[in-house]
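# What the coordinates show
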Amino acid sequence: MLEQVITEPDNYAPFLLSQGIRYGNLLFISGQAGAGDDGRIVAGGFRAQGEQAFANLRRALEAGGSSLKDVVKVTIFVTDMGHFPDVVELRRRFFSAPYPADTIAEVKALYDPAAMIEIEAVAAVRAA
């Protein structure tokens, strides 16, 4: 059975997609960008956006019964691969060993022209 993950605020609803979907003991989280609760990309550059994206990822994971430590696969999209060292530092700050499998890709653009990073994840949901 598919179970929709919803966080408040839910900035995804107008776009007809879910923050995440839980299926059994797996949780699939949609791309989380550096947007604040108002839906706007945060100021402060790449690092600020990255920290906000990881905070949004944490919130969606927790809403689905998981956590950052349970992430098994992450995909990180950046608009400039020159930020790769920042991505490594963000991964070090928010993940711990064993680190999740990872794909990082440079893309031409994300959903908002101001967005520089977006993170999607697959995580395990541990039995309560």
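As a convention, each chain's residues are numbered from 1 in the sequence order in which they are written. pLDDT decides what is reported in this predicted model: residues at 70 or higher carry local features, side-chain atom pairs at 80 or more are listed and counted, and totals for whole chains, interfaces and linings draw on all residues regardless. Hydrogens are left out, water is left out, and the side-chain values use all remaining heavy atoms of the structure.

## Focus on the packing of aromatic side chains
Here is the rule: Stacked, edge-to-face and tilted labels apply to pairs of Phe, Tyr and Trp rings (six-membered ring for Trp) whose centres lie within 6.5 Å, assigned for plane angles under 30 degrees, over 60, and everything in between, in that order. The way it works is that DSSP assigns letters per residue, a run of H or I at least four long becomes a helix, a run of E at least two long becomes a strand, and they are numbered from the N terminus. Categorising residues by exposure relies on relative accessible area from a 1.4 Å probe, with only protein chains included: less than 20% of the type maximum marks a residue as buried, more than 50% marks it as exposed, and the intermediate range marks it as partly exposed.
Scanning all chains against the criterion turns up 2 aromatic pairs. Ring geometry for Phe 54 and Phe 94: centres 4.7 Å apart, planes at 10°, overall stacked. In this pair, Phe 54 is assigned in helix H1 (residues 45–63) and Phe 94 in helix H2 (residues 84–94), connecting sequence segments 40 residues apart. We classify Phe 54 as buried; its relative accessible area is 1%. Seen in terms of ring centroids, Phe 54 and Phe 95 are 5.5 Å apart; in terms of plane orientation they differ by 75°. Their pairing is edge-to-face. Taken together, the positions of Phe 54 in helix H1 and Phe 95 in the loop between H2 and strand S5 (101–106) put the pair 41 residues apart, joining distant regions of the chain. Across the pair, Phe 95 and Phe 54 agree in class, each one buried.

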